[in-house]
Amino acid sequence: MAADAPSGVGYLGPSSAEAALAVLPGPVRRWFRERFGKPTAVQRLAWPALQAGEHLLLSAPTGSGKTLAAFLPILARLLTGPLCSGLRALYVAPLKALCSDARKNLRFHLRDLAAFLPVGCGSVRIGLRTGDTPARVRRILRRRPPNILLTTPESLAVLLSQPAAAEQFADLRWVVVDEIHAVAGNKRGADLALSLERLTALAGGELQRIGLSATCAPLVEAARFLVGPERTCRIAAVGESAPLDLAIEPLPESGNFLTHLMDRLERELTVHRSTLIFTNTRSLAERLAWAMRRRWPAWDKEIAVHHSALARARRRRVERGMKQGRLRAVVSSTSLELGMDLGSVDAVVLVHPPGGVVRLLQRVGRGGHSPGRPRRGLVLTATPAELLEAAVTGASGRSAQWEPLRVPSHPLDVLCQQLLGMAAQRPWAPEEAFALVRRAYPYRDLARRDFDDCLDYLSGRDRNGRSWLPARLRWVEGEFVIRDRRTARLVWRNLGTILTDEQQPVHLLSGRVVRGDWSDIPTPHSPLPTPVGELDDAFAERLQPGDRFLLDGRCLEFRRREGPKLLVDEVIGRPVVPRWNGAGWPLSADLARRLYLLRVQAAEALRDGPEALARLLQHDYGLGEPAVRLLVKHFQKQECLSEIPDSATCLVEIVPAATGADYYFHTPLGRAGNDALARVAVRRLVRDHGRSAASIVADLGFALFDRSGAELTPAELRALLAGERFDADLAAAVADSVALRECFRRVALIGLMLLRNPRGGRPRVGGPDWAERRLFDHLITADPDFVLLRQARREVHEECCDAGAARAFAEEMAGRTLHVRRLTQASPFAQAWTQLAAGPAESAESPAEALERLHALLTGGGHGTAS
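For clarity, every value in this text was computed on a predicted model and none was experimentally measured. (Residues numbered from 1 in each chain as written. Predicted model: local features only at pLDDT ≥ 70, side-chain atom pairs only at ≥ 80, totals over all residues. Heavy atoms only, no water.)

Brief notes about the packing of helix α25 (residues 671-689) against helix α27 (residues 726-734)
Right, on to step 1. The contact between α25 and α27 brings their axes to 9 Å, and the two run at 85 degrees. As judged from the angle between their axes, α25 and α27 are roughly perpendicular. In this structure, α25 uses Ala 676, Leu 677, Arg 679, Val 680, Arg 683, Arg 684 and Arg 687 to contact α27, whose residues at the interface are Phe 726, Asp 729, Leu 730, Ala 732, Ala 733 and Val 734.
Right, on to step 2. Among the residues making up the contact of α25 with α27, the classes are represented as eight nonpolar, no polar and five charged. (Axes fitted to C-alpha atoms, helices over the stretch in contact; angles between N-to-C directions. Helix = DSSP H or I, 4+ residues; strand = E, 2+ residues; numbered from the N terminus. Parallel < 35°, antiparallel > 145°, perpendicular 65-115°, else oblique. Contact = heavy atoms within 4.5 Å. Nonpolar A, V, L, I, M, F, W, Y, C, P; charged D, E, K, R; others polar.)

Here's what the structure looks like:
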């Protein structure tokens, strides 16, 4: 084994096939040789370490045999060891579909293994427990626990909060965490890390932890997340051997975007038997699937859409169709990124760049889902700015420059939720609970003051012991326990860190349904409407009978409401596209810096002529001639109208208006860093000049639209970005901001201060956010340092704003040269920012038209709202 990295994490050295097979019992070894031949590289690394009882992180490409690498030693022990009737192994995955896939594969292997086992060997029972599991099945799982249980982090938290958890998990010995990179960097991961520590405590002995990941860096951080700060862990890492065959193509800028997209997709669908198409929003996925069905009616039943707002049965039908090779094209937003088995996917198309290197590799990795097959991907872009982003993302993917995994630091709202779950299971002494929490990696540095403040809040008292909030806990002889059975039920119904806006279910009525040739075909009567999916509450509430909208890639006409359900028919027509929350993905901070560096490189190359820039884009970024030609023109236009900023300057472009001016600040920061800069700049305008300005933020810059006075001087512009008192000004800027209120709402829901209302509840007085508004205002007045307010402020500063990156840039301003350019119109670089407010991706607006519309909105000259 390789030398250990810090905190007891080390990489495994090479192992032979024979050494790996030798650790398996004879019958299992014979089965594997007959069915698979030799073990894969990750299996050779994993099996000896797992046999030795070590915690292990397995990192290997999709299709390299990770599931058997993790599970075969476990299955071997269960099949050939002493008989056990209890739960022995737990599999946790971030998606229900992954759990279903894993159950199917494990059952197949167990049936196949049975013929190789001697008489008298035990059988292995496998159970599935997710939010979709019917109550009847849950009761069966409680009465007769399976040997292997497959579940999600949210369902695991519910199970751990039951009084019967101690008995249920007493015999547990293995925990497998799949797609660990998908949860480790967010609150779901913090929740899971605490659940793993609670599992270990319930099992009464050290559990063997096994993590699986395909795309993650640094692996040492993922390993520490898996096992916590006090345990050792080995890493079995196998690099990607399949070549990345990535093409990046611009669509024509003029004309209708969707038409150009369909023209290009036709070539892919004609050449390939199965194509997976990713968009960055559900809205565009719906619009594209509908347009494809209209354009190619002969392929109607071979085109499908897949996203999380569709009904579970519809999603599963699409997944089965892909595995069986019956679908020519599937359009998805993010729901098919992770590693469920999709069968043979010939090609992957990304409509717009995905905003991150890991996301690019995950999406492209869905094609060639077997060892050694090329990962083929095509990225289609709509603007030069998108083309630049795609070029940098693709080059970073080829060189494995992934975004680093960043584990969140002790989120206190998640801690409050877990403390209530612990208290619902049994009484706890504070010292015992604090020690358990600190064993979880995200909470390794948790301060005792924060922990005690969480307990005080849940106990309904302030820091001085005075009662002032409804209590969720009660204290008995120095231990805390859930207040009563009713509170426990509220906790069980509200556990989880995934927050969604209120949704309204859509059901298809029986009757006449439009099919492939777009004619009405009578269908047999069905007594119950069929679930189709869900719409955001805000969109659904505006629907009137006869309105038509898209869902499941179909034109649906709203008929009537029946309780919480929206009843619809499928019809021919021109539907509107529903809007779900989420407007695509901003660039990661690392990718934003690389994109800025490409601009600097381009400026230097352009000094030697356009041919030098073309060579740079071809050789270093792998772009074809049409893309190179477009980008050379883009850079030349920027240099002609303004300049390309370098790493030693700060470029500010000023476009005069009838009153005041528009200011475009170019920075090397991602959107969150520019959000912080813009907030500080707007605050300083108000405080120091008595002026107000609207702003938009983007990757690599932000804009201020000032209509209240004379043009700002260079010295005044520099003062807006100065590093002095930056943190104080940012704190003041967000103190009563919409961002802080929205962040607090999410924190209060996760921390169970606010409970998610049951669907179909009574209308709330004062509007849907009345309780949230009143609670925030009350807490700000009563206790500005309240624990959940502290958490919300921290999240705004670290996530919404990226205060650290913004502060560093502001402090560097003293050493930067300020270049001020006075223009008659926004430069090409600045025009790209307007895509944030140009509406959905299918919009046919040009950047110039979008800029004009945005200015009208911000200055009161137009109608509507900027998104």
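Brief notes about the confidence of the model for the protein
Right, on to step 1. In this model, the protein carries a mean pLDDT of 87, and residues with pLDDT of at least 70 account for 90%.
Right, on to step 2. Within the model, pLDDT remains below 50 along residues 758-767, and this stretch shows 10 contacts once partners closer than five positions in the same chain are excluded.
Right, on to step 3. Every residue in residues 857-867 scores below 50 in pLDDT, and together they form 16 contacts with partners more than four places removed in sequence or on other chains. (pLDDT = per-residue confidence, 0-100.)

Some points on a positive patch on the surface
Right, on to step 1. A contiguous patch of positive charge, built from Arg 483, Arg 485, Arg 486, Arg 489 and Arg 493, is present on the exposed surface.
Right, on to step 2. Its location among the elements puts Arg 483 in the loop between β17 (479-482) and α20 (485-494).
Right, on to step 3. Relative accessible area serves as the criterion here: at 43%, Arg 483 is assigned to the partly exposed category. (Patch = residues over 30% accessible without salt bridge, like charges linked within 9 Å, V, L, I, M, F, W, Y side chains within 5 Å. Areas by Shrake-Rupley, 256 points an atom, 1.4 Å probe, with all protein chains shown as cover. Salt bridge = Lys/Arg side-chain N within 4 Å of Asp/Glu carboxyl O. Lys, Arg positive; Asp, Glu negative; His and termini not counted. Charge placed at Lys NZ, Arg CZ, Asp CG, Glu CD. Buried < 20%, exposed > 50% of the residue type's maximum accessible area, 1.4 Å probe, protein only.)

Quick look at the sheet that holds strand β25 (residues 649-656)
Right, on to step 1. What the five strands build is an open sheet, ordered β27-β28-β26-β25-β29; its pairing is mixed. In this open sheet, the two edge strands, each paired with only one partner strand, are β27 (693-698) and β29 (817-822). Adjacent strand axes in the sheet meet at a mean angle of 15 degrees when their direction is disregarded.
Right, on to step 2. As paired elements, β25 and β29 share six bridges and run parallel to each other. In the sheet register, Leu 651 faces β29, and the bridge partner there is His 819.
Right, on to step 3. Against the sheet, α25 makes contact with β27 and β28 (701-706), and its axis sits at roughly 165 degrees relative to β27, the strand it touches most. (Pairing = 2+ DSSP bridges.)

Thoughts on the nonpolar core
Nonpolar side chains in soluble globular proteins generally cluster together in the buried interior.
Right, on to step 1. By size, the foremost hydrophobic cluster in this structure holds 122 residues, and its most contacted members are Phe 169, Leu 199, Phe 744 and Met 753.
Right, on to step 2. Examining the composition of this core, we find that nine residues originate from one element, helix α17 (residues 412-425), more than from any other.
Right, on to step 3. If near-sequence neighbours (up to four positions away) are discounted, Phe 169 is found in contact with Leu 87, Leu 156, Leu 159, Leu 160, Leu 199, Leu 202 and Ala 203.
Right, on to step 4. If you look at the next biggest cluster of nonpolar residues, it comprises 53 residues, including Leu 336, Val 392, Leu 613 and Leu 616. (Core = buried A, V, L, I, M, F, W, Y, C linked by side-chain atoms within 4.5 Å.)

Section: the pattern of salt bridges
Right, on to step 1. Per the counting criterion, the structure on display carries 60 salt bridges.
Right, on to step 2. Between Arg 224 and Glu 221 there is a salt bridge; the shortest N-O distance is 3.8 Å. One end of the pair is Arg 224 and the other is Glu 221, both in helix α11 (residues 219-227) and three residues apart, which spans about a single turn.
Right, on to step 3. Judged by relative accessible area, Glu 221 falls into the buried class, the value being 15%.
Right, on to step 4. Of the charged contacts, one joins Arg 687 and Asp 729 as a salt bridge, the two residues approaching to 2.8 Å between their closest N and O atoms. Of this pair, Arg 687 sits in helix α25 while Asp 729 is found in helix α27, placing the two residues 42 residues apart along the sequence.
Right, on to step 5. Residue class for Asp 729 comes out buried when judged on its relative accessible area of 3%.
Right, on to step 6. Several salt bridges share partner residues, and in doing so they unite Arg 449, Asp 450, Asp 453, Arg 463, Asp 785 and Arg 790 into one network.

Some details on unusual backbone geometry
Right, on to step 1. Between Ala 217 and the following residue, Pro 218, the backbone shows a cis peptide bond with an omega angle of -5 degrees.
Right, on to step 2. Position of Pro 218 among the secondary structure elements: in the loop between β8 (208-213) and α11.
Right, on to step 3. Its identity as a non-glycine residue notwithstanding, Ala 400 has a phi of 60 degrees, on the positive side.
Right, on to step 4. Relative to the assigned elements, Ala 400 resides in the loop between α16 (384-398) and α17.
Right, on to step 5. Not every positive phi belongs to a glycine, and Arg 725 is a case in point at roughly 55 degrees.
Right, on to step 6. Position of Arg 725 relative to the elements: it lies in the loop between α26 (714-720) and α27.

Description of the packing of aromatic side chains
Each aromatic ring pair is described using two quantities: the centre-to-centre distance and the angle formed by the ring planes.
Right, on to step 1. On inspection of all chains with the given rule, the structure shows 16 aromatic pairs.
Right, on to step 2. Each member of the aromatic cluster is reached from another via a ring pair, and the members are Trp 31, Phe 32, Phe 36 and Trp 47.
Right, on to step 3. Across from the ring centre of Trp 299, 4.2 Å away, lies the NZ or CZ of Arg 328, which sits over that ring.
Right, on to step 4. Just above the ring of Phe 829 sits the side chain of Arg 599; from NZ or CZ to the centre is 3.8 Å. (Phe/Tyr/Trp six-rings, centres within 6.5 Å; stacked < 30°, edge-to-face > 60°. Lys NZ or Arg CZ within 6 Å of the ring centre and 35° of its normal.)

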